[in-house]
Structures are given as structure tokens and as C-alpha cells.
Amino acid sequence: MQSEVITVRTGSSPAVRDITGEVERFLREAGADSGLAHVFVPHATAGVALIETGAGSDDDLLTALDDVLPTDGRWRHRHGSPGHGRDHVLPAFVAPHASIPVIDGRLALGTWQSVCLVDTNGDNPTRQVRLSFLPA
Amino acid sequence: MQSEVITVRTGSSPAVRDITGEVERFLREAGADSGLAHVFVPHATAGVALIETGAGSDDDLLTALDDVLPTDGRWRHRHGSPGHGRDHVLPAFVAPHASIPVIDGRLALGTWQSVCLVDTNGDNPTRQVRLSFLPA
Amino acid sequence: MQSEVITVRTGSSPAVRDITGEVERFLREAGADSGLAHVFVPHATAGVALIETGAGSDDDLLTALDDVLPTDGRWRHRHGSPGHGRDHVLPAFVAPHASIPVIDGRLALGTWQSVCLVDTNGDNPTRQVRLSFLPA
């Protein structure tokens, strides 16, 4: 299987990073034809989402996550910054894996879809993402 | 890879549409044996869920989404109908991709599981769904 | 496709069960090299999450689910125990499928990631999980 680990800088605040270009580059360099692109985050406090970026929805997602998983003292997980326990619940809702059809070497995304790394954990400013291609 | 795009009518209100029959028809016509069925929605305001239909849970899901992602003025995304910004956050929680094992040509779903298109966006009455089969 | 169904005891209360060891055993016995591990729950009231276990986050997830999907009378689905309707919405948020890259026979999980069965439904004390391997 063609597979590669990239590093993404997410910084010290909650962040949504558009990595669509990196996935496209990977597929190009892998000489991908048709099959499945797989995006995997090997971290316990981050996820992958396919959403629109650049029109406010990336910030809207972080706001929604603040509402669903508040950064307060309710969490039993007590390591890291105060409220960090919520980052460990994130991947149950925003899973750390996504798969996208690849047709003739190109991601079959819709016009407004981007592949995004979602990282609410400010304690880890850089993240790894594993990109893989399964030919079919 | 065997792959096909179907059109699903979701109407002008939030909707959950059971497309299990369409996925089964696709697998049959593709001559699928064993592998992975992949369901992908190429839209930024819809998702795929595997839930029971016909006993109220489809409506329950829409109610839960109204609670988690309210249709109000909180969203930074300002295009479309009022509150439409929440539709753009939906795919982070209800992802636009799902994969299901296929054994001897049949979806290995549980008795009460259906493949459902979840579309809270009333501005797009028809949707596309890409069905693919990866032989293994 | 190499595929196997295992039985997991989840008991009569909401539970998060770490099944990473079972997935690793399956891959070993399947002689898996590189490809995709697929975990699928053929039930309409359970999901799969990749989270850290053993430091409180498994309980935190159940608490967050109680908040997002309360066990009360709001649900239209009326079968089973009171509030059970929320269990049927769970798989829309915590999907019953997960895929994980396998490199040289090993799950490419991060240090703190575990594969977990999430089952809020106390009415079904045992569950099935289908493990599959797609070589690439």
C-alpha cells in the first residue's frame, strides 16, 4: 500500500487545517489511478472532517465543539491544560479516519468539500497525518 | 474500481433517506463478491448514517441535530437561508463517508441497520451519492 | 477478504470496551501485511470510536453522550427501556465503522489510541463486531 506520514502545524489554539492540497499531492506522487484515499490521524485528541473552509464553517465547527464538549472541569481525564479532557472525547464525534473515492487519480470530492484536520488540543502544536491509497 | 453516482431526492426540509436498496442494487449490478462497499456524499451539507429507519429514529436524529446544531443566528457562515450555517457543520459530526463489509455479494449489515443519507439543508432538494465497491 | 465476527460482552450498563487486542490478534492470524483494517458493528445501537482508554476518557465519552443524547422521554422511538430511543441515534454520531491503516502487519495507531466498542444500550449485554482486512 502506498502510504506516507505528513506533519501539519496546528498551533497552540484549537484549529481546523485544510490539508486537501497535501492529499492531492500524495495521490499524484503515488501515481494513484482509481481506488480509495485514506486519511488517518494517529493522535487521541484530533479528528478528520470533510467540510467547507474559508466561509466561516471552520470557526463554526470549533464553536459547536465548545458547546458539545465544553472546556471546563467536568472531565475525569485530568492530564494537560484545564478542560483538556474534552479533547480526548473529540475523536469519538469527529473520527480520526476518513476515506474518499479516487477516480482517475483525482479525489471525488464535491465542489465545497475540503479534507480538514481538526485539532482542539493546543498542547500539541504539530500533528502527524497518515495518507494512504488503496488501489481497486 | 466499480463506482456509480446516484441521485437522491431529499426535498426542501431536513430529511433522512434510506438508500440501502440502492446500495444493494449497485452491488448486484457490479457483480460484487467480497470486499468493501463505500458510500460517499460529495456535498458539504450532508452526511451518511447507518441507523434504523421506520420506527422514529430517523426523526429522532433530526431532532438531536436541531439540538446540537441549532438553526439560529450563531453561525459565522452567512450564505443561504437563516441558520443554514449549521448545515455546514453537520458533516463534521455525521461524516459524508461510510464503509460496509460485503460478504458473498451482500452488505454485512445488522438486522436493524439501514444506509441513510442525512440532509438538513432544505436549499438543495436533490443530492448525489457515490457508491463504490473495493474487491478484496 | 479475510473477515471474522467476534463477540464482545458489554454488560447491562452503557460501556466502552477496548478491543484493540482482538483486532491485533485477528490481523496476526490473518497473516496481514499492509492494507486496511476494518471494524464494523452490525448493530443499530452501538458504534466504534478510536480514543484513549484507562485515563478517564472512556467514562467522559459516556458522560458526553448523556449530555448530547439524554436518556429521557423526548425520543419518538418507543421500544425497549425508557429513553432507549437515544441509543438508536448514537450510530449517527459515533459511526459503527472504522478503518485503520495496517503497515507491516501492525495497526498504525498512535500511542494513545485504542479501538473501542461504544454501547450505550444496556438491553443487549453481548455484541458482535466484524473485523476485516483489505490487502493493498
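Residues numbered from 1 in each chain as written. Chains lettered and ligands numbered in written order. Predicted model: local features only at pLDDT ≥ 70, side-chain atom pairs only at ≥ 80, totals over all residues.

## Some words on the interface of chain B and chain C
At the interface, 31 residues of chain B touch 28 residues of chain C. Elements represented by at least two residues in the side of chain B that touches chain C include exactly strand E3 (35-40), strand E4 (46-51), helix H2 (57-68) and strand E5 (97-103) of chain B. No other element matches H2 of chain B, which puts six residues into the side of chain B that touches chain C. Classifying every residue of the side of chain B that touches chain C gives 21 nonpolar, seven polar and three charged. (Contact = placed C-beta atoms within 7 Å. Helix = DSSP H or I, 4+ residues; strand = E, 2+ residues; numbered from the N terminus. Nonpolar A, V, L, I, M, F, W, Y, C, P; charged D, E, K, R; others polar.)

## Side note on the relation of the copies chain C and chain A
The two copies are related by a screw operation: chain C maps onto chain A through 120° of rotation and 0.0 Å of translation along the axis, at an RMSD of 0.0 Å. The operation mapping one copy onto its partner corresponds to a three-fold rotation axis. Taking C-alpha positions as the reference, the residue of chain C nearest the rotation axis is Phe-93 of chain C, at 3.3 Å. (Least-squares fit on C-alpha atoms with pLDDT ≥ 70 in both.)

## Some remarks on the confidence of the model for chain A
Here chain A averages 96 in pLDDT, and 100% of its residues register 70 or above. For this predicted complex, the interface confidence comes out at an ipTM of 0.97, alongside a pTM of 0.98. (pLDDT = per-residue confidence, 0-100.)

## Regarding the interface of chain C and chain A
If you look at the interface, chain C gives 31 residues, while chain A gives 28 residues. Residue classes in the side of chain C that touches chain A are distributed as 21 nonpolar, seven polar and three charged.

## A word on helix H1 (residues 20-29) of chain B
All names here are of chain B. For H1, every residue scored as buried is listed here: Val-23, Phe-26 and Leu-27. What you see down the axis of H1 is that its buried residues fit within an arc of 95°, all on one side. Opposite the buried face of H1, by more than 90 degrees, sit the exposed residues Gly-21, Arg-28 and Glu-29. On its buried side, H1 packs onto strand E1 (2-9), E3, E5, strand E6 (106-107), strand E7 (114-119) and strand E8 (126-135). Within two residues after H1, Gly-31 carries a phi angle of roughly 65°, on the positive side. (Buried ≥ 20, exposed ≤ 12 C-beta atoms within 10 Å, placed from the backbone. Arc of directions from axis to C-beta.)

## A closer look at the sheet that holds strand E2 (residues 15-18) of chain C
All names here are of chain C. If you trace the three strands from one edge of the open sheet to the other, you get E2-E7-E4, paired in antiparallel fashion. With one partner strand each, in any of the chains shown, E2 and strand E4 (46-51) form the two edges of the open sheet. The mean angle between the axes of side-by-side strands here comes to 30°, regardless of whether they run parallel or antiparallel. Pairing of E4 with strand E7 (residues 114-119) involves six bridges; the strand directions are antiparallel. Its bridge partner lying in E7, Val-48 is registered against Leu-117. Of the strands in this sheet, E2, E4 and E7 touch helix H2 (residues 57-68), which is tilted by about 135° from E4. (Pairing = 2+ DSSP bridges. Axes fitted to C-alpha atoms, helices over the stretch in contact; angles between N-to-C directions.)

## Quick look at the sheet that holds strand E8 (residues 126-135) of chain A
All names here are of chain A. Sheet architecture is open: five strands sit in the order E1-E8-E3-E5-E6, paired in antiparallel fashion. A single partner strand is all that each edge strand has here, and the edge strands are strand E1 (2-9) and strand E6 (106-107). Pairing geometry for strand E3 (residues 35-40) and E8, over six bridges, is antiparallel. Note that in E8 the partner of Leu-36 across the bridge is Leu-134.

## Notes on the relation of the copies chain B and chain C
When chain B is fitted to chain C, the residual RMSD is 0.0 Å, and the transformation amounts to a turn of 120° plus an axial shift of 0.0 Å. Interface overlap between copies is the fraction of interface residues in one copy that are interface residues in the other; for chain B against chain C it is only 16%, indicating separate surfaces.

## Some remarks on the pairing of E8 of chain A
Residue and element names in this part refer to chain A. Of all the 10 residues making up E8, seven are buried; the element is thus mostly covered by neighbouring parts of the structure. Two strands pair when backbone bridges link them, and E1 and E8 are joined in this way by eight bridges, in the antiparallel orientation. From the neighbouring strand, Glu-4 faces E8, where its bridge partner is Leu-131.

## Details of the pairing of E3 of chain B
Residues and elements named next belong to chain B. Where burial is concerned, most of E3 is hidden: six out of the six residues are buried. Where E3 lies against E5, six bridges are found, and the strand directions are antiparallel. Residue His-38 lies in a different strand from E5, and its bridge partner there is Ser-99.

## Quick look at the environment of Glu-29 of chain C
Residues and elements named next belong to chain C. Its place among the elements puts Glu-29 in helix H1 (residues 20-29). For Glu-29, a count of 10 C-beta atoms within 10 Å gives the class exposed. Separated by 27 residues in the primary sequence, Glu-29 and Gln-2 have C-alpha atoms spaced 9.8 Å apart.

## As for unusual backbone geometry
All names here are of chain A. Within the chain, Asp-104 stands out as a residue other than glycine whose phi angle is a positive 50°. Its location among the elements puts Asp-104 in the loop between strand E5 (97-103) and E6. In this structure Asp-104 comes out as exposed when scored by C-beta crowding, with 8 C-beta atoms within 10 Å.

## Some words on the packing of H2 of chain B against helix H3 (residues 85-93) of chain C
The interhelical angle for the contact between H2 of chain B and H3 of chain C, taken along N-to-C directions, is 70°, at an axis separation of 9 Å. For the element pair H2 of chain B / H3 of chain C, the angle class is roughly perpendicular. In contact with Ser-57, Asp-60, Leu-61 and Ala-64 of chain B of H2 of chain B, H3 of chain C contributes Gly-85, His-88, Val-89 and Ala-92 of chain C. Considering only residue class, the contact of H2 of chain B with H3 of chain C consists of four nonpolar, three polar and one charged. (Parallel < 35°, antiparallel > 145°, perpendicular 65-115°, else oblique.)

## Some remarks on helix H3 (residues 85-93) of chain A
Where burial is concerned, most of H3 of chain A is hidden: nine out of the nine residues are buried. Buried within H3 of chain A we find Gly-85, Arg-86, Asp-87, His-88, Val-89, Leu-90, Pro-91, Ala-92 and Phe-93 of chain A.

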